[in-house]
Every structure is written in structure tokens, then in C-alpha cells.
Amino acid sequence: MTYRRMIYSAMLFAMVLMGSRAAGQGEVQFDVWFEDGTLRMDYYRMGNSHWQRTEPVRFARKATGWSGSRTVLLDPIDNGDYRVVVEDSVSGLPLYSRCYSSLFGEYVATAQGRDSVARFEEVVLLPYPRRAVYVCLQRRDADGRFFNSSRTLYSPIGRSLHQGSRVAMRPQLLLGSGEVASKMDVAIVAEGYGKADSTKLQHDLQHFAAHVVEREPFASRRADINVWGVAAMGAESGISDPCNGVEVASALGSSYCTFGNDRYLMATHLFRLHDLLDSTPADHIIIMANSPTYGGGAIYNFYAMSAVQTMSGWILPHELGHSIGGLADEYVDDDLTYSELYDRTREPLAPNLTTLVDFARKWQQMLPPDTPIPTPPQQGLERRETGALGVYEGGGYVARGVYRPTTQCMMRNYARFCPVCTKRLHEVIDCYAR
Ligand SMILES: [Zn+2]
């Protein structure tokens, strides 16, 4: 061993010790374990309501640095169906984690998902490791505890520096408030814009960026949010709508009529989505769909999607409630095709619904004293007012046995976000802004 190599080994050993001590205290030091880069992992999630498995496809290094937090590396918020955990390959210490949900998680709750096997593309973004790590894809057991569904070794040694896709678009900074490392970076990707739509596309990007920070609590957190735009143009204009016989070959495979719901607008080509975002900081993603038809959809730490139409200024914050806040819908809808989204014998994961099984974990501490449970809904509220905080029956698509915090809310009927939803959105934005 040369003298220089001995010095290097001693330094590495000291770094590992420092990092181990920090991680043991629940705080991972970013610079010890990670460099300013983003590792992307593509994989398939397949199965049905009886079984599922994940199948890693590829790793790639994004052309951007790391846009997520460098101080909050282990996700403090317990929400979502899945979690990715990065572990040091030597000590097994958890270095990074993020909870999320996916379209597959909703598929298995539909009638079709009971028996038919389907395969969905998924992507996770991770801070770029300095040394070999295990990337663990986890899901929850029947008691809600995470376990590994796959554990894949990734070593940065011997990899070329930039393996990102060549189709990446240069992003436009639509609303800038500062360095990506200490801001929540929201990336808007255009979908369904043909060659003739370039003027409309620029106009729509500006409007969507304004919608992101238009309403509370996003408005008062404007200084903690960057909004980026990716002006992807396709061959054809518009969005597929199989419920009405419309087929468009759009870049991201977007479609209304997801799981048979005519206004549920989602995209399935996740690998392609992240190819387009290769040069864009993207803590959260919005797909902006070029269609005048009412519709949208969103999944926690996955993406939000909204059509560009007259209601966009309300649809988009509602969808960001799902994708950024992990908030559940607070409305009742007997027509929805989900058979078992909420088990009424346990607390839902979302912070804004309760089954009263363990209400202390929800907004019990925020309730005014002597609030009746259930609380009778308030009548005669203004269109955008939430009404008083209470425990109102009906939410999560069902009328009985599931309760919401206020009579009206952005997650119910495009009112303001209620105090419970507002609190969670602040907690999430804090994770990026620290
Ligand atoms: Zn709410």
C-alpha cells in the first residue's frame, strides 16, 4: 500500500465513522455519504391484489445535482403505500428514505386489479452515493409496517459520470426563489402539445406556474418554491379519452378514463417522463395536459396531473394536495370503482381522514374543547370557506364510518385547504426548505 493510499484509507475510515455516528443519532450527514448528484432507478411493479413484485430495470445518473434536502434525508412523514430506503452496503445504516404511492396501488383496489395481472413503470430519485449502497424498495405488510420487496446493490465505482437520457429537455425557470438545495422544486412537463401548439404551450406553462403558488398555503410559501417548465412537443395534439373513443399517441401515454372513471386523467410512461426531466430539478412533478376536458389526478410523491381548462386554478392545488401533501379526497362518491381503498378497522394513512380507531394520531389535539363527535355539518357556508374544525362523517369516497376535519375543504369541493390539510402541507414544504 502506498503512503498516499494509506492516507486515503485512513480518511475514508474516519468519514465512515463520522457518518456512522451521525446516522446512529438519526441524522445523516449529506456530504459524508452523498455527492451533489441524482441517482435514478427505473423498475416495474407488477401483480394484482393477491401478489405483487418489483423488478429493477436500470440505474442512471441524472444530468442535474441533488435538488432535495441535504438535512432531512430520512423521511419524517409516515404516509404512502411504499418507501425507498438507501442503506450503506457495509454497515446497513439507513442513509436516505422517501415514502410514496403509485398508480399500481390504486389498480389493485379496482375490480380488474383483483385478478388480472398488470405491470406499471415506476421511478425513484435518490441522492448520488459516494460508495456502494443497497437500494431497498419496500411496501407495507397487513399491519402497515414496511418490508423489503427488493434490495439491489448499486456501486458508483466504474460508472461513467452522465448516463442520463439524450432526449432531456432544457428546463425554463418559470418562478425562481433560490438555490435548488434549499427549495421545493416543482417541475411542470407539457403533454399533448403538437407542433402547432408552441405559442399556447408557453402561455399555459406561465399560467400553471402561477397556479402552483396562487392559493394558500402555497402562496405564503412562495419564497420556498421554484417552478420549472419543460416544453416537450409531441407529434399530435390532445389527450386520449377511451370513454369517448378518442385516441392520441402522446409522449407520456396520458389518458382520461383511468380505471373507467371518465375524469380521472393519468399517465403511464414514467420512464419517458423522467427522460424528459433529466436536466430538471424535480422534487415534485406536474403533468400539464393539453385538453379542454375537465379532469386530473395525482398520487403522493409520484406526480400530479391536470388538464388545461377553465377549472385548472382549482384542480391543480387539489391535485398538489395529493401529490405533495399525501392528502386524501374528503368527498363522497358512490360511483367510484375502488372496492377497498379504506379499511374501516384501522386508521387511514392520510392525515386528513380518520376512522376514529386511533384519533389521537390525527387532529384530535387541534379540536376546540367540547366538539361533538361526529360534528353536525355547518350549513350556509360561503363557497370557499371551510367552516369550523370538527369530525364530520363522510370522506374518502364513502358516506359512513370515515370522517373529515371540516365541512368544506380543497380536498372535498375546492374550498380553502382546511387547517389539518394546511398543517401537513407546511410540514412537507419545511422538509425541503430546511
Ligand atoms: Zn382538508
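Trainee: Any chance you could break down the overall build of the protein chain for me, citing the residues and the numbers?
Mentor: Secondary structure assignment for the protein chain yields eight helices and 15 strands. Residues classed as buried in the protein chain amount to 44% of the 434 residues present. Long-range pairs, those at least 24 residues apart, make up 63% of the contacts in the protein chain between residues at least 6 apart in sequence.

Trainee: Describe in detail helix α6 (residues 312-323), supporting the description with residues and values.
Mentor: The first and last C-alpha atoms of α6 sit 16 Å apart over 12 residues, in line with the 16 Å expected at 1.5 Å per residue. For α6, the buried fraction is high: 10 of the 12 residues fall into the buried class. Along α6, the positions that sit buried rather than exposed are S312, I315, L316, P317, H318, E319, L320, G321, H322 and S323. Buried positions along α6 lie against α4 (198-212), β11 (284-289), β12 (296-299), β13 (303-307), α7 (410-413) and α8 (419-433).

Trainee: Any chance you could break down the sheet that holds strand β1 (residues 34-47) for me, citing the residues and the numbers?
Mentor: Reading across the sheet, the three strands line up as β2-β1-β5 and stay open at both edges, with antiparallel pairing between neighbours. Bordering the open sheet on either side are β2 (52-61) and β5 (118-129), each of which pairs with just one other strand. Averaged over all adjacent pairs, the angle separating strand axes in this sheet is 25°, with direction ignored. Bridge analysis of β1 against β5 gives 12 bridges, and the strand direction is antiparallel. What sits directly across from M41, in β5, is V124.

Trainee: Describe α4, listing the residues and the values that go with them.
Mentor: Relative to the 21 Å expected for 15 residues at 1.5 Å per residue, α4 spans 21 Å between its end C-alpha atoms, a close match to the ideal helical length. Within α4 the residues assigned to the buried category are L201, D204, L205, F208, A209, H211 and V212. End-on, the buried residues of α4 take up no more than an arc of 155°, which puts them together on one face. Along α4, exposed side chains directed more than 90 degrees from the buried face belong to T199 and H203. In the core, the buried residues of α4 are packed alongside β8 (172-175), β9 (184-191), β10 (225-230), β11 and α6.

Trainee: Before we move on, could you go through the sheet that holds strand β4 (residues 94-100) and cite the residues and values that matter?
Mentor: As summarised here, the arrangement of the four strands in space is β4-β3-β6-β7, forming an open sheet in which the pairing is antiparallel. The sheet is open, and its two edges are formed by β4 and β7 (146-154), each paired on a single side. Pairs of neighbouring strands in the sheet enclose a mean axial angle of 20°, with direction left out of account. For strand β3 (residues 82-88) and β4, the ladder comprises six bridges, and the chain directions are antiparallel. Residue pairing across strands places V85 opposite S97, the latter belonging to β4.

Trainee: How would you summarise the nonpolar core if you had to cite specific residues and measurements?
Mentor: In this structure, I188, V189 and I287 are the most contacted members of the largest nonpolar core, which totals 100 residues. Ignoring sequence-local partners within four residues, the contact set of I287 consists of V189, E191, L252, S254, A267, Y303 and M305.

Trainee: Describe in detail unusual backbone geometry, supporting the description with residues and values.
Mentor: Following E216, the chain continues to P217 via a peptide bond in cis, the omega torsion being 0°. If you trace the backbone, P217 turns up in the loop between α4 and β10. Backbone geometry places C257, a non-glycine residue, at a positive phi of 70°. Mapped onto the elements, C257 comes out in the loop between β10 and α5 (270-276). A positive phi angle is found at F259, which is not glycine, with a value near 55°. Summarising the element assignment, F259 is placed in the loop between β10 and α5.

Trainee: Go over the pairing of strand β15 (residues 398-404), please, and point to the residues and values.
Mentor: With three bridges joining them, strand β14 (residues 392-395) and β15 adopt antiparallel strand pairing. In the sheet register, G395 faces β15, and the bridge partner there is V398. Counting the residues that bridge the hairpin from β14 to β15 gives two residues, and of these G396 lies at a positive phi of roughly 60°.

Trainee: I'd like a rundown of the environment of Q52, residues and numbers included.
Mentor: With respect to the helices and strands, the residue Q52 is situated in strand β2. The class for Q52 is partly exposed, based on 18 C-beta atoms found within 10 Å. Residue contacts for Q52: discarding those within four places in its chain leaves R45, M46 and G47.

Trainee: Quick rundown of the pairing of β2? Include the residues and the values.
Mentor: Direction of pairing for β1 relative to β2: antiparallel, over a ladder of nine bridges. Its bridge partner being in β2, R40 is matched across the sheet by A60. Linking two consecutive strands that pair antiparallel, namely β1 and β2, is a turn of four residues.

Trainee: If you had to explain the packing of α4 against α6 to someone new, which residues and values would you point to?
Mentor: Direction vectors running N to C along α4 and α6 enclose 55°, while the axes themselves pass 9 Å from each other. It follows from the interaxial angle that α4 and α6 lie oblique. When the axes of α4 and α6 are compared, the crossing they make is right-handed. Along its contact with α4, which presents F208, H211 and V212, the element α6 presents S312, G313 and L316. For the contact of α4 with α6, the per-class residue count stands at three nonpolar, three polar and no charged.

Trainee: Which residues make up the environment of C243, and what are the values?
Mentor: One can find C243 in the loop between β10 and α5. Owing to 15 C-beta atoms within 10 Å, C243 belongs among the partly exposed residues under this scheme. It is 9.5 Å that separates the C-alpha atoms of C243 and R263, two residues lying 20 residues apart in sequence. In this structure C243 touches Y256, C257 and D262, once residues within four positions along its chain are discounted.

Procedures and definitions
- Residues numbered from 1 in each chain as written.
- Predicted model: local features only at pLDDT ≥ 70, side-chain atom pairs only at ≥ 80, totals over all residues.
- Helix = DSSP H or I, 4+ residues; strand = E, 2+ residues; numbered from the N terminus.
- Buried ≥ 20, exposed ≤ 12 C-beta atoms within 10 Å, placed from the backbone.
- Contact = placed C-beta atoms within 7 Å.
- Expected span 1.5 Å × (residues − 1).
- Pairing = 2+ DSSP bridges.
- Axes fitted to C-alpha atoms, helices over the stretch in contact; angles between N-to-C directions.
- Arc of directions from axis to C-beta.
- Core = buried A, V, L, I, M, F, W, Y, C linked by C-beta atoms within 7 Å.
- Parallel < 35°, antiparallel > 145°, perpendicular 65-115°, else oblique.
- Left-handed = near helix turned anticlockwise from the far one by under 90°.
- Nonpolar A, V, L, I, M, F, W, Y, C, P; charged D, E, K, R; others polar.

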